[in-house]
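Residue-level structural notes
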Amino acid sequence: MARNRQRGRSGAAEGVVEAVDGGLAELIPDRDRPRGWTLLIDGAPQSHVDLDDPALLTFEYQRRLGHVADVAAPAGRPLHAVHLGGGAFTLARYLAATRPRSTQQIVEVDGRLVQLVRDRLPLDPGARIRVRSVDARAGLGRLPDGWADLVIADVFSGARTPAHLTSTEFLAEVRRVLKPGGTYAANLADGPPLAHLRGQIATAATVFPELALVADPAVLRGRRFGNAVLAGSDRPLPVAELTRRVAGDPHAGRVEHGKALRDFTGGAVAVTDAAAKPSPVPPSSVFR
């Protein structure tokens, strides 16, 4: 049963609370933006979207995914993009705004969440965005070879990436769906001793010859739990431009690639389906 309070007596928008397949979803209004909303699942922030300015990315990890998308092709060129994990459709809205006429597929297993977002945060009817309510790997398997310029993986269940989306077999499917020269971008979460993150880099290295990692320096040093964005391709990544964009963020990050990234991986081994595990449980302090 939804508890839906769209507007209070003062005229300010109020929140929406509704049970979805993955837990309790909340849409919290942005006090600074009349049509801005933050999506939380079981109290964990998932996405922020401003319906008046879909090119605005406020979450740190979403800005970094946006930077990877920005350098995936010349500015303004339409892309074929796949979004594994939907949230509030923030990155799909961003690409529709920054790269008009892009064709996009969102794959989000939580059908009730998809309906909530469609109802309360409707997509631009002119955007070429299709949403499928299926498992991310199953949805990826339905796409033809060489369809996508960009695949973005941002899938969390209970604040953890499911095990079957962490393996070489999964990334082989991503590579199959990507066009030659296409780009893969993944939102990864880990904390000290960073075993999961190092393993994911080693796994991606078996599929993509070119890799770059973007993260807060404190996360890379193993000082705190946080997000890192891993980019992969079969072509050289525009690391200099990516570094410039990341350095200009309100919370500047660091880009690692080449030998420095191999050294950071520290001999970690690739993950297969047989040995795959979900990403670590975030400490409770992360969401306070």
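Scroll up to find the structure.
To keep things clear, this report deals only with the structure shown in the data block. Not measured: the values here are computed from a predicted model.

1. Things to note about the overall build of the protein
- Across its full length, the protein carries 9 helices and 13 strands.
- Relative to the compact-globule value of 19 Å for 288 residues, the protein shows a C-alpha radius of gyration of 18 Å, a close match.
- Looking at the protein as a whole, 51% of its 288 residues qualify as buried.
- For the protein, restricting intrachain contacts to residue pairs at least 6 apart in sequence, the fraction spanning at least 24 positions comes to 67%.

2. Some words on helix H6 (residues 195-205)
- Counting buried positions along H6 gives 8 out of 11 residues, so the element sits mostly inside the fold.
- Restricting attention to buried positions, one finds in H6 the residues His196, Leu197, Gly199, Gln200, Ile201, Ala202, Thr203 and Ala204.
- Looking at the buried side of H6, the elements it contacts are helix H5 (168-177), strand E10 (178-190), strand E11 (210-215), strand E12 (226-233) and helix H9 (258-265).

3. Description of the side chain of Asp249
- Along the chain, the position of Asp249 falls in the loop between helix H8 (239-247) and strand E13 (254-257).
- On the accessibility criterion, Asp249 (8% relative accessible area) is buried.
- Side chain to side chain, Asp249 and Arg63 meet in a polar contact 2.7 Å long.
- Ignoring any residue separated from it by four or fewer positions in sequence, one finds Asp249 in contact with Arg63, Arg64 and His67.

4. Describing the packing of aromatic side chains
- As enumerated under the stated definition, the model contains 2 aromatic pairs in all.
- Plain terms: the ring middles of Phe59 and Tyr61 are 6.3 Å apart, the flat faces sit at 55 degrees to each other, and that makes the pair tilted.
- Phe59 sits in the buried class, given a relative accessible area of 19%.
- Classification of Tyr61 as buried rests on a relative accessible area of 13%.
- Residues Tyr184 and Phe208 carry aromatic rings whose centres are separated by 5.6 Å and whose planes lie at 10 degrees to one another, so their mutual orientation is stacked. Of this pair, Tyr184 sits in strand E10 while Phe208 sits in the loop between H6 and E11, and the two are 24 residues apart along the sequence.
- For Tyr184, a relative accessible area of 5% puts it in the buried group.
- Overall, Phe208 belongs to the buried group, its relative accessible area being 1%.

5. Looking at the pairing of strand E4 (residues 36-41)
- Taken across its 6 residues, E4 has 6 buried, putting it largely inside the fold.
- Both faces of E4 are covered, namely the face carrying Gly36, Thr38 and Leu40 and the face carrying Trp37, Leu39 and Ile41.
- Both strand E3 (residues 23-29) and E4 contribute to a ladder of 5 bridges, which runs antiparallel. Residue Pro29 lies in a different strand from E4, and its bridge partner there is Trp37.
- Where E3 folds back onto E4 in an antiparallel hairpin, the turn is made up of 6 residues.
- Taken together, the 6 bridges between E4 and strand E5 (residues 44-50) define a ladder with antiparallel strand orientation. Bridging across to E5, Ile41 finds its partner in Ala44.

6. Structural notes on the nonpolar core
- Residues Leu84, Val174, Tyr184 and Leu213 are the most contacted members of the largest nonpolar core, which totals 35 residues.
- Apart from residues no more than four positions distant in its own chain, Leu84 is found in contact with Val107, Ala136, Leu140, Val151, Ile152, Ala153, Asp154, Val155 and Phe170.

7. Quick look at the environment of Ile28
- Of note, Ile28 is situated in strand E3.
- Leave out the neighbours within four places in its chain, and Ile28 touches Gly36, Trp37, Thr38 and Leu40.

Conventions adopted
Residues numbered from 1 in each chain as written. Predicted model: local features only at pLDDT ≥ 70, side-chain atom pairs only at ≥ 80, totals over all residues. Heavy atoms only, no water. Helix = DSSP H or I, 4+ residues; strand = E, 2+ residues; numbered from the N terminus. Rg over C-alpha atoms; globule rule 2.2 N^0.38 Å. Buried < 20%, exposed > 50% of the residue type's maximum accessible area, 1.4 Å probe, protein only. Contact = heavy atoms within 4.5 Å. Polar contact = N/O pair within 3.5 Å; in protein donor to acceptor, adjacent residues only side chain to side chain. Phe/Tyr/Trp six-rings, centres within 6.5 Å; stacked < 30°, edge-to-face > 60°. Pairing = 2+ DSSP bridges. Core = buried A, V, L, I, M, F, W, Y, C linked by side-chain atoms within 4.5 Å.

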